[in-house]
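# Secondary and tertiary structure notes
Chain residues, written in single-letter form:
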Amino acid sequence: MTTALEYAAARKVYSRSHLGRVTRTVGLDGLDLRVEKGEVFGLLGLNGAGKTTAMKLLLGLLFPTAGTVSVLGVKAGTDAAKRAVGYLPELPYFYPYFTAAESVAFYGRLSGMSGAAVRDRVPVVLEQVGLAKHAGKRLSEYSKGMLQRVGVAQAIVHEPEIIVLDEPVSGLDPLAVHDFRELFVSINKAGKTLFLSSHSISDVEKLCSRVAILKSGRLARIVQQAEWQSATGGLEKIFVDTVREDA
Amino acid sequence: MARYLILAAALFVCAFAAGGTFRPAYPGISEIRPFSSSGGEDAAFLGLGLRKLGADINFIRLLQYYGSDEEPLSSSGGTPDVPPSGGFGYGGGVYSEFLPRLKHITSLDPYFKYAFLYGAGVLAFNLERPEDALAVLEEARRSMPDEWQFGKYMAAIGYKNAREPEKVADVLDSIVTQPGTPVMLKQQAAFLNKRIGRLKRAYEIYSDIAASSVEKNYVDNARRNMRALEKYAK
Amino acid sequence: MNGAFSACYVIALQSFREQWKNRFFQLVAAFAVIALYFGLILREMAGDQQARVYAHFGLGLCELVGVASAIYLCSTAVIRDMETKNIYLLLSRPVPRWSYVAGKFLGLTASVMSAIACMGLAHAAFMLLRHYAVPSYFPAALVASCLKAAVIGALAMFVSLFSTSILSSVVMSFIFWTLGHFLSEARFIAHKLGGVSGAVLAPLLYAVPNISLFGVTDALDSSIPSFAGWPVLFGYCVLYCGACLALSTGLFSRKEF
């Protein structure tokens, strides 16, 4: 099996009812997408295009209205699928009274790791994300960049096959962004599949081998790395032209 | 969702079968005899599960009420140990709210033994209202049929009405050694024993009051009497 | 299944530790201990009934603080995880929804029970310092308060999953708690009402917890035996909490985030 993630005619409609009136909003409209193992795959789109919806369908946080979503051939949202995925949401929240080590250990245990495995793995992961020196500090004392590193640590502690990253470098300073890019490259080199969404086109360009552009819940275009590297204006021009078509 | 509803329904039914029909052996809100406009406060105490604390707070209010001046002592003048007329102890006067307040307390907590004993003692020996005292003790016997002290108190009141102080002293003597006897009744027993010449017994009861009570007036009075009766202590 | 129970245990332990590390929780417990100390003033007015009054005051305070904490914590637990989006990090993992709900409830209830135990110990210590005998029903009363907090906490968690705000959830839970003390009267009135109102109200009242069952102080400090027995109290607590958690899981299982 070479497919890590697959969306087959995936559709998500949000229904909100208020005083008897039902409002329906289409979040995803028949998405067909396949991500191969070992890829670094990017998801681009304007606000409300469906990027976060697509990610949440993978994780079982949302249920598809139609179509299927699968992870390593298994239906998304099942325990087997969740074990294979690590997730870093946008602006993750952690209980402020715990240390980084305690928090990462907690999420490791929830991912099915044994106590002994967690005890061995947590220091390794914190070293990997550059937090070894701060492991004993409470998270309330952490900066935004440090919290984001904790977020990456909890996403990889259980050594998942696939790591889903939603706006991983949002709000970080340039040095932190550089460090994160290096970290993602090293994770990918270890054979992991990365599936990330970002508003930062330059970061996506540097990291990804393929990019999907979503527009109004639909897949507008898939762009290969070779294509944007040879295009005038790079990925940004391709993106702008795609989202502006028929606007 | 359906399976969770079925499971929940089954568990609710089992819970109800286990304890859903339990009723405590206390009067419900509609059976509480209110005092003044205490209905809202009573509902709050019961609603918060603080029935006994409610009874305690109202008992404190009863003590404060009874401790206040209701009417001045008569012109014949009395001292704390010698009432103005009739009665066996001080604290006489008109306390019209005493009985309603007491009834309110005992309907909140029908097992508040001390309140029954204290209230009946005040009514019988201080306020010269033996019929009210007997009614209170009857209610106490209905709530606590195994408590023999209430019957003894009723006998003591009967002897008081018959003006037989020796027999009253005998009955009270058998009660004052029991834990939870109100100090006011111990005071009555000591005074009676002193009056009928049982000075050694009076000294013993005053010693017990001085050692066990926290009420300053009673302790001071007991110590004063102990000094006066010291030579009869042996 | 092992994994599900393990996840439940991990979440329960984390919730318990989170509460005790939370400064607000520590402040509430400290406040209760201070209030217990100042309750000694009340006893000064109680004549020879000081020990009784102070015992009832302390037990009442421990229970009120415990139940209020249970209502607040269980009403806000899931809502707070949803608002902070911490729920993403939890449910994106192989954690069954029932594990999350049960784990949260067990951890929060354990923290409330431990707080009640601490307050009870402080209360007993203050009593002994004043040379009052600790009543024989004291430990039983604390255990009953813990069970009461568990029952109302489970109900609060269920209510929080369908109410529109934390405030409405707390208020509704508080209403159910006070209604639980007047259950027999309320059922009598519902039956007397008749008609549509009675038909709607009567079954609902059978779902309200019978809080008077846990009035152990009242039961053990009376001369008429009215204590239902520990098997009944524990059994009722487990069954009622189980029912509320089943409903909570049912509501939670279809929630999307």
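Our subject in this report is the structure included herewith. (Residues numbered from 1 in each chain as written. Chains lettered and ligands numbered in written order. Predicted model: local features only at pLDDT ≥ 70, side-chain atom pairs only at ≥ 80, totals over all residues. Heavy atoms only, no water.)

When you go through chain C residue by residue, the secondary structure sums to twelve helices and zero strands. Starting at the N terminus and ending at the C terminus, chain C contains elements arranged as α-α-α-α-α-α-α-α-α-α-α-α. Compactness check: chain C gives a C-alpha radius of gyration of 20 Å against a globular reference of 18 Å for 257 residues, within 12% of the reference. With the C-alpha coordinates aligned to their principal axes, the bounding extent of chain C is approximately 60 × 50 × 35 Å. Put simply, chain C has 257 residues, and 60% of those count as buried. Residue pairs at least 24 apart in sequence account for 76% of intrachain contacts in chain C once pairs closer than 6 positions are excluded. Just so you have it, chain C exposes about 10000 Å², and 73% of that area is on carbon and sulfur atoms. Taking the 16 positively charged and 10 negatively charged side chains of chain C as two groups, their mean positions are separated by 10 Å. (Helix = DSSP H or I, 4+ residues; strand = E, 2+ residues; numbered from the N terminus. Rg over C-alpha atoms; globule rule 2.2 N^0.38 Å. Buried < 20%, exposed > 50% of the residue type's maximum accessible area, 1.4 Å probe, protein only. Contact = heavy atoms within 4.5 Å. Areas by Shrake-Rupley, 256 points an atom, 1.4 Å probe, with all protein chains shown as cover. Lys, Arg positive; Asp, Glu negative; His and termini not counted. Charge placed at Lys NZ, Arg CZ, Asp CG, Glu CD.)

A few words on the pattern of salt bridges. Throughout the structure, instances matching the rule amount to 29 salt bridges over all chains. We note a salt bridge from C:Arg17 to A:Glu102, for which the minimum N-O separation is 3.0 Å. Linking C:Arg17 in helix 1 (residues 2-21) with A:Glu102 in helix 3 (residues 100-110), this pair reaches from one chain into another. Assessed through its relative accessible area of 28%, C:Arg17 is described here as partly exposed. (Salt bridge = Lys/Arg side-chain N within 4 Å of Asp/Glu carboxyl O.)

Once that is clear, we can look at the packing of aromatic side chains. Residue and element names in this part refer to chain C. Evaluation of the coordinates by the stated rule reveals 26 aromatic pairs over all chains. Ring plane angle 20° and centroid distance 5.1 Å describe the contact between Tyr100 and Phe252, whose orientation is recorded as stacked. In this pair, Tyr100 sits in helix 6 (residues 97-129) while Phe252 sits in helix 12 (residues 230-253), placing the two residues 152 residues apart along the sequence. The buried category is assigned to Tyr100, whose relative accessible area is 0%. Here Tyr236 and Tyr240 contribute two aromatic rings whose centre-to-centre distance is 5.8 Å and whose plane-to-plane angle is 20°, an arrangement assigned as stacked. Of this pair, Tyr236 and Tyr240 both sit in helix 12, four residues apart, which is roughly one turn of the helix. (Phe/Tyr/Trp six-rings, centres within 6.5 Å; stacked < 30°, edge-to-face > 60°.)

Let's shift gears to the sheet that holds strand 10 (residues 218-224) of chain A. Residue and element names in this part refer to chain A. Spatially, 6-7-8-3-9-10 is the arrangement adopted by the six strands of the open sheet, whose pairing is mixed. Of all the strands in the sheet, just strand 6 (85-88) and strand 10 have a single pairing partner and so form its edges. Averaged over all neighbouring strand pairs, the angle between strand axes comes to 15°, with direction disregarded. As judged from the six bridges shared by strand 9 (residues 210-215) and strand 10, these two strands associate in the antiparallel manner. Paired with Arg210 across the bridge in strand 10 is Gln224. The sheet strands contacting helix 5 (residues 144-156) are strand 6 and strand 7 (162-166), and the helix crosses strand 6 at an angle near 170°. (Pairing = 2+ DSSP bridges. Axes fitted to C-alpha atoms, helices over the stretch in contact; angles between N-to-C directions.)

Quick look at the environment of A:Met55 now. Mapped onto the fold, A:Met55 is located in helix 1 (residues 51-59). A sequence separation of 18 residues divides A:Met55 from A:Gly73, and the C-alpha atoms of the two residues are 16 Å apart.

Next up on the list: the interface of chain B and chain C. By a frequent convention, interface size equals the accessible area lost on bringing the separate parts together. On the chain C side, the residues contacting the 46 residues of chain B number 48 residues. Taken together, the two surfaces of chain B and chain C that pack against each other cover about 4000 Å², and 69% of this comes from carbon and sulfur. The largest share of the area that chain B buries against chain C comes from B:Tyr4, B:Phe12 and B:Phe22, three residues that together contribute 16% of it. Inspection of the region where chain B meets chain C yields two salt bridges. The salt bridge partner of C:Arg52 is B:Asp109, with a shortest N-O separation of 2.9 Å. Counting the contacts that link chain B with chain C gives seven residue pairs in polar contact (both at pLDDT 80 or more). Residue assignment for the side of chain B that touches chain C shows that the elements contributing at least two residues are helix 1 (2-20), helix 2 (39-47) and helix 3 (51-67) of chain B. Looking at the side of chain B that touches chain C element by element, the count peaks at twelve residues for helix 1 of chain B. (Buried area = accessible area lost by both parts, 1.4 Å probe. Polar contact = N/O pair within 3.5 Å; in protein donor to acceptor, adjacent residues only side chain to side chain.)

A few words on the packing of helix 1 of chain C against helix 6 of chain C. Residues and elements named next belong to chain C. Between helix 1 and helix 6, whose axes approach to 7 Å, the crossing angle comes to 40°. Compared by their axis directions, helix 1 and helix 6 come out oblique. Taken as a pair, helix 1 and helix 6 cross one another with a handedness that is right-handed. Looking at side-chain class alone, the contact of helix 1 with helix 6 contains 16 nonpolar, seven polar and two charged residues. (Parallel < 35°, antiparallel > 145°, perpendicular 65-115°, else oblique. Left-handed = near helix turned anticlockwise from the far one by under 90°. Nonpolar A, V, L, I, M, F, W, Y, C, P; charged D, E, K, R; others polar.)

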